[in-house]
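Given next are the chains, with one letter for each unit.
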Amino acid sequence: MTQDPGADSAGASGSSDGRRRYELEDVGFREVPKRWRKFYRHWGGPTDELAPNEMLCPVCKVIVRSVREFREGDRLYCMPCMTRMVVVSDGNGGLIAQVVF
Amino acid sequence: MSNIEPHALGAEAFFDEVQSFEFWFGAVEGYLTDRPFGHSSDTVDVALDDVRRDRLITTLCNYCVGETAALEGSSGLVRLAPNRNAKIFMATQVVDEARHLEVFLARLKDLGVDDAEAEIQRRANPLLLDFKDSLLELVDAGEWSSAVFAQNVILETMEFTVFRAHERTADPITAEVLRGVISDERRHFGFGENDIGRRVAQDPDLRSRLKDLRTRFDAMVVGVFDDAVGELALTGEGAPDLSRDYMDAVSRLGLGQ
């Protein structure tokens, strides 16, 4: 298995719902209050490989993170730009975040 | 530290959190602490040649026009805001815009500009001045949705895009100042897109009104982007597509061509 870019030092593990779970750590994103910082990171551009627990916010281009891998239909919030999103299929076997108004 | 993740919040709790002054304090503390006038005292200034310095002064003068427009616009919008969360958020934006104006004026002073007001008048882009007048007309007319669209979607997206492109090529102090401003801008255009997106979904007539407004503003936006490309010397291979974020935003709102 290749290195999972979203898994921190504690790594990813399984859970009762069959999803991988992640121990998140603050990776230097400082645009939200401290308690929320570990749920976001800066995007490194088109070559930045997203982990299964990460989604790119299409509005402000920040990476949104979760303690579990994302699945289609999941809700997620981008606090830096206040956007609500839902995970949808990208039509090519991948998942993307779509803005919900 | 709480282990609750933000995605577990209900929509109302989410907006109560992110549109609060508490959230704003916690956010700006992260990237503005120990940065008087937007940059660390450890950041070393570099000498700019005359051409680059002159271009930077013109660019900063136009940033001041944009920030003044947003400062005056958002202060008027506090009164028009339709609910308490929106009023509180707009008050945080007033503070942000005033700070942006202040840090850009301070940078102009660093560059040897003694009379910033005169310099801004001399160098201001007429298209940006037209935009400011149009925005403030909407605010004065009490048109919340149109004014938020003009200010928080069009102007803020434009600023976010230009500032990000500029930050990549700017001198170290200007770049650091811009990074702090960019972090604020995420909140501003995000608020605008979400507020307008919700309203358009509930009011089909609003969509057509905003489409008309977009048509009215498009020439100004394109002109400002074109001028920014020239001032920031962003031409050639690898030059960013400055209108992309703006086009994406209006497309998500269903206001595309």
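Up top is the structure these notes are about.
The paragraphs below set out a description of the structure included in this document. (Residues numbered from 1 in each chain as written. Chains lettered and ligands numbered in written order. Predicted model: local features only at pLDDT ≥ 70, side-chain atom pairs only at ≥ 80, totals over all residues. Heavy atoms only, no water.)

Remarks on the packing of helix α3 (residues 50–80) of chain B against helix α4 (residues 84–110) of chain B
Residue and element names in this part refer to chain B. This is how it is decided: Lines fitted to C-alpha atoms define the axes, with helix axes restricted to the stretch in contact, and inter-axis angles between N-to-C directions lie between 0 and 180 degrees. Going along the chain from the N terminus, every DSSP run of H or I of four or more residues is numbered as a helix, and every run of E of two or more is numbered as a strand. We call two directions roughly parallel when the angle between them is under 35 degrees, roughly antiparallel when it is over 145, roughly perpendicular when it lies between 65 and 115, and oblique otherwise. Handedness of a crossing follows from how the near helix is turned relative to the far one, being left-handed for an anticlockwise turn of less than a right angle and right-handed for a clockwise one. Residue polarity follows a fixed list, in which Ala, Val, Leu, Ile, Met, Phe, Trp, Tyr, Cys and Pro are nonpolar, Asp, Glu, Lys and Arg are charged, and the others, Gly among them, are polar.
Direction vectors running N to C along α3 and α4 enclose 160°, while the axes themselves pass 8 Å from each other. Classified by the interaxial angle, the pair formed by α3 and α4 is roughly antiparallel. Here the hand of the crossing between α3 and α4 comes out left-handed. Within the contact of α3 with α4, the residues separate by chemical class into 17 nonpolar, five polar and five charged.

Observations concerning helix α1 (residues 11–18) of chain B
Under the convention used in this document: Per-residue accessibility, obtained with a 1.4 Å probe over protein chains only, is compared with the maximum for each type, and a residue is labelled buried under 20%, exposed over 50%, and partly exposed between these values. By arc we mean the arc of the directions from the helix axis to the C-beta atoms, nothing more.
For α1(B), the set of buried residues is B:F14, B:F15 and B:V18. Seen from one end, α1(B) has its buried residues packed into an arc of 90°, which puts them on one side.

Structural notes on the pairing of strand β6 (residues 75–78) of chain A
All names here are of chain A. The criterion, for reference: Two strands are said to pair when DSSP picks up at least two bridges between them.
Here β6 pairs with strand β7 (residues 83–89) via four bridges, running antiparallel. Counted as the bridge partner of C78 is T83 from β7. The turn joining β6 and β7, which pair antiparallel and follow one another in sequence, is formed by four residues; a positive phi near 65° is taken by M82.

Some points on the sheet that holds strand β4 (residues 54–56) of chain A
Residue and element names in this part refer to chain A. Across the sheet, three strands lie side by side as β3-β5-β4; this open sheet has antiparallel pairing. Pairing within the sheet leaves two strands with one partner each, and these edge strands are β3 (40–42) and β4. Neighbour-to-neighbour, the strand axes of the sheet open up by a mean angle of 30°, direction not taken into account.

Geometric values such as these leave the question of function open.
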